[in-house]
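Here are the chains, one letter per residue:
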Amino acid sequence: MCLGIPGQVVEISDATRKLGMVDVSGIKREVNLACIVNEDHSLDDCVGDWVLLHVGFAMSRIDEKEAALTMKVLRELGEAQEEIESMRLSGQK
Amino acid sequence: MKYVDEFRDPEKARSLLKEINGLVKQIDFCKKRPIYIMEVCGGHTHSIFRYGLEGMLPKEIELVHGPGCPVCVLPMGRVDDCVALAEMPDTIFTTFGDAMRVPGSKKSLLQAKADGADVRMVYSPLDALQLAKDNPDKKVVFFGLGFETTMPSTAFTILQAKRDKVTNFSLFCNHITIIPTVKAILDSPDMQIDGFLGPGHVSMVIGIRPYDFIADHYKRPLVVAGFEPLDILHSVWMVLKQIAEGRAEIENQYARIVPDEGNDEALEAVAEVFELREFFEWRGLGSIDHSGVRMREAYKEFDAERLFTVPDIKIADPKSCQCGEVLKGVIKPFACKVFGKACTPETPLGALMVSSEGACAAYYQYGDPDRLRELANV
Ligand code: SF4
C-alpha cells in the first residue's frame, strides 16, 4: 500500500473525473490521474506515461527505466505480487 | 538475497560500502557508542531486511526501525472501533488487505468477517466508493489509513463522492502525519538518533522542505531515500558524510521520484478535505499532538465518526508486548519476551508482527543481522 507499483497509462476513460486505464504487468484497471495533470501536462498528455500508482491513484510520472527497476524491487520484496493480486481481486464484482 | 554480488550494480555497492567504512573511521564518537540511523518508513525496513543491508554495514552503524508502517502503529482499540463499525447492520466495511489481520482486543477484522460481518478488502478507496454506488441499500464505510502517501487518494475519493452525490459512503479517517511523529521521536528522552533516512513516497507528496526543522532545530541530517538496495546504501553514505563533516542538512537522494516542492495537486486535495486533529493515539508511542487528521466540517456527511457512534475504545497493549520500545528503537525485536513464541506472524500479539513492514515480522522472517553480517561476503 505504501510502496506503490508502476504501470503505463493506456487510455483516458473518463475525462471529467480524470480517470484513465493503466496497465500493470498485464492487469488493466481504471485509476485516477488527477495528481499528474497540471498546466504543463494535460490529461491527454498522460497517455503513454509510466506512472507510480498508490491505491488506485497515479502519484508521479516516472521513466520507463525507473518503472522496470521499481517493479524488480517490488517483486523481490514480494509486494508486487500482493499488490497485483489485490488489484485483480477488486476488479471482480 | 544477502550478497552484494546479486545487486543491480555490485561494483557500485562495493565501492559505497568501502566509502561507508572509511567515513565511519572519521566519526570519533562511534568508538564509544554506535551511530544510530533511523529509517522512518516501513518500506525501507522491509527492503533493508530483504537485502540483508544491516549485515553489510560496519558494526558501528545501528539501524533503528522507525514507526513508518501505518498498520503497525494502529492501537488495539482502533481495531475494535473498526470491528464495531463493521458489525453495524446493513453495513459493508472496506479496508486495505494489510489492516485485516491486525489484532483487536477481541478480534481482528478477518475474524469479524468470519463471524458474519460484511468486511471487504479493496485495492483502492475508489473501489469502496464504487461498492457504495452498486449497493444503495447498504452503508459503505472505508477505513482510511496511511501517511501522506495515501492521504491524497482518500481526499480525492471524498471529493468524487461529493461530486457524484453519493449518500451511503463514509470514511473512518485514521490518516496520520509524518512530521509531528518525527518531532515526537526527536523529543523523546530515551532516544538517540544521529540521522534519518526520510520516507520516499511520503516526501513525493509533501516535498522535502517540511523536514527543515530537523536540520535547523535538532541539528540532525535527513536524507530522503529510495527503496532499491543501492538507494539505501547511497543514502546511508550521504547521512554519514554529513555526520563526518559536522553538517546537518536535508538532502534528497530520491530526486528522480521526489520533487523538492512535493505534489501541489495532492496537497490541495488533502487541505480541502482534512484538518489536523489536536492529538492522535499511536500504538506504542502514545498520544502525539497534531499527528492525525480528521475531515473538515464541509465534508461531515462523509465522516463515519460523525455519522455513527464510534466506541472510541482505549485498550492498553498487553503487558507482555513491547511494541512501543521496539518502535522507539530502545530494544531489538528479539529482546521482546514473546518474540517468536507467543507472537509470530501466524499468531501476532503485536502489530509489528502483522505486516512485512513491521520490524518484528522482518526479524522473524529474515533473522538476526549480526548473523547476516557474518554471512555477507563483503
Ligand atoms: S514480538 Fe510481538 S509483542 Fe513483542 S514487540 Fe514484536 S510485535 Fe510486539
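**Quick word on the overall build of chain B**
Broken down by element type, chain B carries 16 helices and 13 strands. A compact globule built from 378 residues should have a C-alpha radius of gyration of about 21 Å, and chain B, at 21 Å, falls within 12% of that. Across its three principal axes, chain B shows a C-alpha extent of roughly 65 × 45 × 40 Å. Each of the 378 residues in chain B was classed as buried or not, and the buried ones make up 61%. In chain B, 77% of the contacts between residues at least 6 apart in sequence involve partners at least 24 apart. When the accessible area of chain B is evaluated, it comes to approximately 14,600 Å², of which 52% is carbon and sulfur surface.

**Some remarks on the packing of helix α2 (residues 42–50) of chain B against helix α15 (residues 359–366) of chain B**
All names here are of chain B. Taken N-terminus to C-terminus, the directions of α2 and α15 make an angle of 10 degrees; their axes are 10 Å apart at the nearest point. Classified by the angle between their axes, α2 and α15 sit roughly parallel to one another. Crossing handedness for the pair α2 and α15: right-handed. Contacts between α2 and α15 pair T45, H46, F49 and R50 from the former with A359, A362, Y363 and Y366 from the latter. For the contact of α2 with α15, the class distribution of residues is 5 nonpolar, 2 polar and 1 charged.

**Comments concerning the packing of aromatic side chains**
All names here are of chain B. Following the criterion strictly, the structure yields 10 aromatic pairs over all chains and no others. Between the aromatic rings of F96 and F142, the centroid separation amounts to 5.5 Å while the plane-to-plane angle is 80 degrees, which identifies the pairing as edge-to-face. Of this pair, F96 sits in the loop between β3 (91–95) and α5 (109–114) while F142 sits in strand β5 (residues 139–146); the two residues are 46 residues apart in sequence, bridging distant segments of the chain. You'll find F96 and F142 in the same group, each marked buried. Ring centres 6.2 Å apart and planes at 85 degrees place the aromatic pair F227 and Y254 in the edge-to-face group. Taken together, the residues F227 in the loop between β8 (222–224) and α11 (229–244) and Y254 in the loop between β9 (250–252) and α12 (264–273) connect sequence positions 27 residues apart. Note on F227: relative accessible area 6%, which makes it buried. A residue is classified by how much of its surface remains accessible, and Y254, at 3% relative accessible area, is buried. Pairwise contacts between aromatic rings join F49, F334 and Y363 into one cluster. The ring of Y51 carries the charged tip of R50 above its face, separated from the ring centre by 5.6 Å. Sitting above the plane of the Y299 ring, K162 keeps its charged end 4.9 Å from the centroid.

**Comments concerning the sheet that holds strand β1 (residues 35–41) of chain B**
Hydrogen bonds between backbone atoms are what pair the strands of a sheet, whose relative direction is either parallel or antiparallel. Residues and elements named next belong to chain B. With respect to topology, 5 strands assemble into an open sheet ordered β2-β1-β7-β8-β9, the strand pairing being parallel. Edge positions in the open sheet fall to β2 (61–68) and β9, since each of these has one partner strand only. Here the strands of the sheet are splayed against their neighbours by 20 degrees on average, with no regard to which way each runs. Pairing geometry for β1 and strand β7 (residues 195–198), over 3 bridges, is parallel. From the neighbouring strand, M38 faces β7, where its bridge partner is F196.

**Re the nonpolar core**
Of all hydrophobic cores here, the largest spans 171 residues; its most connected members are A:I5, A:L53, B:I61, B:F169, B:Y211, B:L240 and B:F274. Not counting residues within four places of it along the chain, the set of residues in contact with B:Y211 comprises B:I178, B:I179, B:P199, B:V202, B:S203, B:I206, B:L222, B:V224 and B:I250.

Calculation criteria
Residues numbered from 1 in each chain as written. Chains lettered and ligands numbered in written order. Predicted model: local features only at pLDDT ≥ 70, side-chain atom pairs only at ≥ 80, totals over all residues. Heavy atoms only, no water. Helix = DSSP H or I, 4+ residues; strand = E, 2+ residues; numbered from the N terminus. Rg over C-alpha atoms; globule rule 2.2 N^0.38 Å. Buried < 20%, exposed > 50% of the residue type's maximum accessible area, 1.4 Å probe, protein only. Contact = heavy atoms within 4.5 Å. Areas by Shrake-Rupley, 256 points an atom, 1.4 Å probe, with all protein chains shown as cover. Axes fitted to C-alpha atoms, helices over the stretch in contact; angles between N-to-C directions. Parallel < 35°, antiparallel > 145°, perpendicular 65-115°, else oblique. Left-handed = near helix turned anticlockwise from the far one by under 90°. Nonpolar A, V, L, I, M, F, W, Y, C, P; charged D, E, K, R; others polar. Phe/Tyr/Trp six-rings, centres within 6.5 Å; stacked < 30°, edge-to-face > 60°. Lys NZ or Arg CZ within 6 Å of the ring centre and 35° of its normal. Pairing = 2+ DSSP bridges. Core = buried A, V, L, I, M, F, W, Y, C linked by side-chain atoms within 4.5 Å.

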